[in-house]
Structures are given as structure tokens and as C-alpha cells.
Amino acid sequence: MRHSMYVQNHFGAKPFDICTTDNYNKTNRKEKVMMKKVYLCIDLKTFFASVECSERHLDPFKTNLVVADPTRGNGALCLAITPKMKSMGIHNRCRIFEIPKGVEYITAMPRMHLYMEYSARIYRIYCRYVSPDDIHVYSIDECFIDITSYMHLYHKSAKEFAKMLMQAVFEDTHITATCGIGTNLYLAKVALDIISKHTKENIGILDEERYQKYLWHHLPITDFWHMGSGTANHLLRLGVVDMHGITQIPEEVLYKEFGINAEYIIDHAWGREPATIASIKKYHPKNESINNSQVLFSDYKYEDALLVVKEMVELNVLRLIESRLVTNHISLYIGYSRTDGGGWAGGSRKLTVRTNSLSILMDEFISLYHLKVKKGRMIRQISISFGDVLDESYESYDLFSDREALEEEKKLQRTLVSIRHKYGKNAILKLMNKQEKATTEKRNTLIGGHNA
């Protein structure tokens, strides 16, 4: 049984309202906490469904609405359901067939472009009150805000500041937000995920002391940010079931078991998080990559899947050309259909040149595909990646490279990029894109794999 309504701890089982903001504001520790860094983690409640309700002038807390594409069949994933449906025990991200037969509801086709517009609109609302430098967008419906310097400016407590932002969002969009307040990014996220849903005002607050007192023995451990089932199962083999248990294991044992990941596991067990919004914005990865993946609309045969790989390679090359980047490392992942036993195939390859040439990269991917993928197997998922991506100034050649031909090819690719920018992604298509099993033309009308 999930301990969602109670926090289990060595001080005895106590109801979650000990962590509510009302009680927290009555403690004499409030001023002590507020002198530290203070972050908000704001989430927009059932965002896609709330947007659809807002567009229809409906109340998501009184309306049964599902965001899903019924043309994909009864097994189509519901991207969001309204809080009203959640209150009926229906799980978010369920399949259409999992909705009880007697429940009547509105089906809204996904409109990703509209959701992105709402997200940008809400971001602009936040920017009325804080600088973009103090906002870290975590996803389309969630962000972190460093409000440390703004509480004094607006003469508001952290809770009052959060309520001000949440109210501004609601007045402008009719979308309800929830919020976690913490003395670091991790605690703000945990306050949002675990505590806010159990408070009347949809706001949770944590500092390290309260985290250790009230959440060290919270179950399941997978409720905590970045604690996946794989890590939880690994910890279980060590006899650890909760965050407190992690603090009782010698650190050298954790490093032996988890390697470098032990560092954030240990920090999070104590409620610590050294990263700040400022450090996130300054971070630049040493090695970048360009990736592309898709789940096919149906099971594909060997040759048909190769056609899609070719389309994906071409799209990734255009991204390289547009950004003036080159690569010397490619990766291919093929997911076989569950109806054909599942499993996967693929691999990676280091190239002898660093390039953004379509002809070179296409030949390498075709070769890797033939080498790694089994004929006769049905395919449902494809992912490709260009790794070790650097600026075009690092382009290199081998003794057999026809540099004039490569330069002409690059000019053609740049022209294609220019046309796509001006007239749309489907302005120019190749013959292979018009074949029955091709996916590029259709996917160019989607955002994140869903209707734009």
C-alpha cells in the first residue's frame, strides 16, 4: 500500500497536514528558512486537458475530458485527463480502453502547437515578476524559479509569492497550478510532487530539516525525484527501502554499487542539491549529440524500416547543416515489435572523418543497418544519433574525399534548409518520402509525435 496520505517515520505516523504551508508558516523556523536560497517548482495541473477545457470555457474539475488521438485505436495513450476523471480513480496516461465503459467524456485531439503557445504565454506571465535569468524551464508544463531576491522586493513570503504567480496564471488562462517551495531545487521538486497535492492551497514547503523529519521514511521511494524503479530495486538488494536507509549505508559501498551516480543518490537522501539555476544556465556539455527517434505507426518489415532510417538520417543531416556542425560518430537503435518477440538491435560506429555530408553519413548508416539488423524480424521503433558533434570548423577529410563534390553537396543541403524555413518542412520532398511506408511527410505535421 502506498503511504500517500501519511508520512511514516520513527517519530510515529502522522498525517501529511503537518507539512502544510499553514502549519509551516506558524513555526518559528520560518525566518531561518527564508534566509536561505528559496526556489519554486511550479506545475500546471493536467496541463493539456486544462488547456482544452480553457478553450471550451469548461471547468476541468467538473468536466470529464481526455486528450487522446482515437484514430490510433483503442490502445491510444491518453496524454492527459481532467482532475474530475482522476477523482474517479482513473489513472493519468491511461489507454483509451482502460477508461471504464460507463464513463462519458469529451475526447480532445492533441494540439501540441496550442499547448506550446499556452506554455509560452504562462512563461511571459512569470517574466512580469522575475527575470528570465531566474527561471529554468523543466518541461512544457513545469519550471523552477529562484525567488530569493524577489521576496524582499515584493515584501512577500515565499508562500505569498507563489500564490501571486499561481493566481496570475489562473486569471489569464484559467489553468490551475500547483507549487513546491524548497531551499534547493531538489526540495522544491519533492515538495511539489509529494506534499502539495495534500494541501488545500496546492503548495508544499520543505527545507532539509523538515525533509529528514517527515519524508525520510516515506514510501514508496520511487515517489522521489530521480529515483527510478531500477535504482530502487538495486537499493532493495542492499536492504534499503527508504531515503533514511540510504544514509545508513557506508558511502564507499554506494560508490561501488552505483559509481558516480552515488553522489546525487547520497545528496538527495539528505535533502541536499548543489546545483542552482545559475549553474544550470552556465552549463555547456563537453560532447553534444543530435538524436532522432520514432515509434512507427505499425510493424515494419526490414526493407520498409530501412527506408525510414534513410529519411531520419537525411533530417538529421539537415540539422547539422543548419547549425553548421559536423560529427564523427553514429549510433543506430532498432526496437523489434512485441508481436515478434520484442528485443532490440543496433550499435555505434566511429568514422574516419568528421563531416556533415549526407552521402557519407547515409552510406555509414545503411552499412550499420545491414550489419546489425536481422532480416525477417518486424520492427516498431527506430532511433539514430550523431555523436561528438562539433563546430563545422572541425570538419576533416580522408585521402579519398572529393572535397569539391562534398562542397557542392553542402550547398544543395543549405538551399534545402533555406526553403524549408521559408515555405515549411514539406515544401520539398524526395521521391522516397512519398512511398507508402515513408513517415517524414506525416511526421512533419506533428509536434513531439502528436498532432500540432
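Rules used in this analysis
- Residues numbered from 1 in each chain as written.
- Predicted model: local features only at pLDDT ≥ 70, side-chain atom pairs only at ≥ 80, totals over all residues.
- Heavy atoms only, no water.
- Pairing = 2+ DSSP bridges.
- Helix = DSSP H or I, 4+ residues; strand = E, 2+ residues; numbered from the N terminus.
- Axes fitted to C-alpha atoms, helices over the stretch in contact; angles between N-to-C directions.
- Contact = heavy atoms within 4.5 Å.
- Core = buried A, V, L, I, M, F, W, Y, C linked by side-chain atoms within 4.5 Å.
- Buried < 20%, exposed > 50% of the residue type's maximum accessible area, 1.4 Å probe, protein only.
- pLDDT = per-residue confidence, 0-100.
- Parallel < 35°, antiparallel > 145°, perpendicular 65-115°, else oblique.
- Left-handed = near helix turned anticlockwise from the far one by under 90°.
- Nonpolar A, V, L, I, M, F, W, Y, C, P; charged D, E, K, R; others polar.
- Phe/Tyr/Trp six-rings, centres within 6.5 Å; stacked < 30°, edge-to-face > 60°.
- Expected span 1.5 Å × (residues − 1).
- Arc of directions from axis to C-beta.
- Right-handed = clockwise from strand over helix to strand, strands pointing away.
- Salt bridge = Lys/Arg side-chain N within 4 Å of Asp/Glu carboxyl O.

A look at the sheet that holds strand S14 (residues 379-391)
- Strand order across the open sheet formed by four strands is S11-S14-S12-S13, with antiparallel pairing between neighbours. Edge positions in the open sheet fall to strand S11 (288-300) and strand S13 (344-355), since each of these has one partner strand only. Adjacent strand axes in the sheet meet at a mean angle of 15 degrees when their direction is disregarded.
- Bridge analysis of strand S12 (residues 325-336) against S13 gives eight bridges, and the strand direction is antiparallel. Residue pairing in the sheet places Ile330 in a bridge with Arg349 of S13.
- Contacts from helix H15 (residues 302-323) reach S11, S12, S13 and S14, with the element oriented near 155 degrees to S11.
- Contacting S12, S13 and S14, helix H16 (residues 358-372) runs over the sheet at an angle of about 150 degrees to S13.

Digging into the nonpolar core
- Ranked by size, the top nonpolar core spans 42 residues in total, and within it Leu40, Phe47, Val67, Tyr126, Ile145 and Ile181 carry the most contacts.
- If we ignore the near neighbours within four places in the chain, the residues touching Ile145 are Val38, Tyr39, Leu40, Ile42, Tyr126, Val130, Asp134, Ile135, Leu165 and Ile277.
- In terms of nonpolar packing, the next biggest core, distinct from the first, is built from 35 residues, Met312, Leu332, Leu351 and Ile379 among them.

Structural notes on the confidence of the model for the protein chain
- Per-chain confidence: the protein chain averages 88 in pLDDT, with 90% of residues scoring 70 or above.
- Contacts of residues 1-34 to residues separated by more than four positions or lying in other chains number 67 contacts, the stretch itself having pLDDT below 50.

Thoughts on the sheet that holds strand S4 (residues 65-67)
- Pairing within the open sheet is mixed, and its three strands lie in the order S5-S4-S6. Single-partner strands in this sheet number two, and they are strand S5 (80-81) and strand S6 (106-108).
- Bridging between S4 and S6 involves three bridges; their strand directions are parallel. The residue bridging Leu65 from the neighbouring strand is Ile106, located in S6.

So, the packing of helix H10 (residues 229-237) against helix H12 (residues 251-258)
- Where H10 contacts H12, the axes come no closer than 12 Å and their chain directions differ by 130 degrees. The pairing of H10 with H12 is recorded here as oblique in orientation. Both H10 and H12 take part in a crossing whose hand is right-handed. Of the residues in H12, those touching H10 at Thr231, His234 and Leu235 are Leu254, Glu257 and Phe258.
- Residue classes in the contact of H10 with H12 are distributed as three nonpolar, two polar and one charged.

Let's talk about the packing of helix H5 (residues 112-126) against helix H7 (residues 158-173)
- Relative orientation of the contacting elements H5 and H7 amounts to 135 degrees, with a least axis distance of 10 Å. Our classification of the angle between H5 and H7 gives oblique. The element H5 and its partner H7 pack so that their crossing is right-handed. Across from Tyr118, Arg121, Ile122, Ile125 and Tyr126 in H5, the residues of H7 making contact are Leu165, Ala168, Val169, Asp172 and Thr173.
- Class assignment for the residues of the contact of H5 with H7 results in seven nonpolar, one polar and two charged.

Observations concerning the packing of aromatic side chains
- All chains considered together, the criterion is met by 15 aromatic pairs.
- Relative to Trp225, the ring of Tyr138 lies with its centre 5.7 Å away and its plane at 80 degrees, an arrangement referred to as edge-to-face. Placement of the pair is Tyr138 in strand S7 (residues 135-139) and Trp225 in the loop between helix H9 (208-214) and H10, with a sequence separation of 87 residues.
- Classification of Tyr138 as partly exposed rests on a relative accessible area of 36%.
- On the numbers, 5.8 Å between centres and 75 degrees between planes, the contact of Tyr186 with Tyr211 is edge-to-face.

Details of H16
- With 15 residues, H16 should cover 21 Å at 1.5 Å per step; its first-to-last C-alpha distance of 21 Å lies within 8% of that length.
- Among all positions of H16, only Leu358, Leu361, Met362, Phe365, Leu368 and Tyr369 are buried. For H16, the angular spread of buried residues about the axis comes to 130 degrees, placing them on one side. The exposed residues of H16 that point more than 90 degrees off its buried face are Asp363 and Leu371.
- Those residues of H16 that are buried lie in contact with H15, S12, S13, S14 and helix H17 (403-423).

Digging into the pairing of strand S10 (residues 203-206)
- Across the two faces of S10 the burial is the same, with Ile203 and Ile205 and Gly204 and Leu206 all buried.
- Relative to S10, strand S9 (residues 177-182) is paired through four bridges, and the arrangement is parallel. Residue pairing for S10: Gly182 is matched across the bridge by Leu206.
- Following the chain from S9 across helix H8 (residues 185-195) to the adjacent parallel S10, one finds a crossover that is left-handed.

A word on the pattern of salt bridges
- Counted according to the given criterion, the structure contains 20 salt bridges.
- Between Glu52 and Arg111 there is a salt bridge whose closest N-O contact spans 2.7 Å. Placement of the pair is Glu52 in helix H3 (residues 47-56) and Arg111 in the loop between S6 and H5, with a sequence separation of 59 residues.
- On the basis of relative accessible area, Glu52 is assigned to the buried category, the value being 1%.
- Residues joined by salt bridges that share partners form a network here, namely Arg324, Glu392, Glu395, Lys410 and Arg414.

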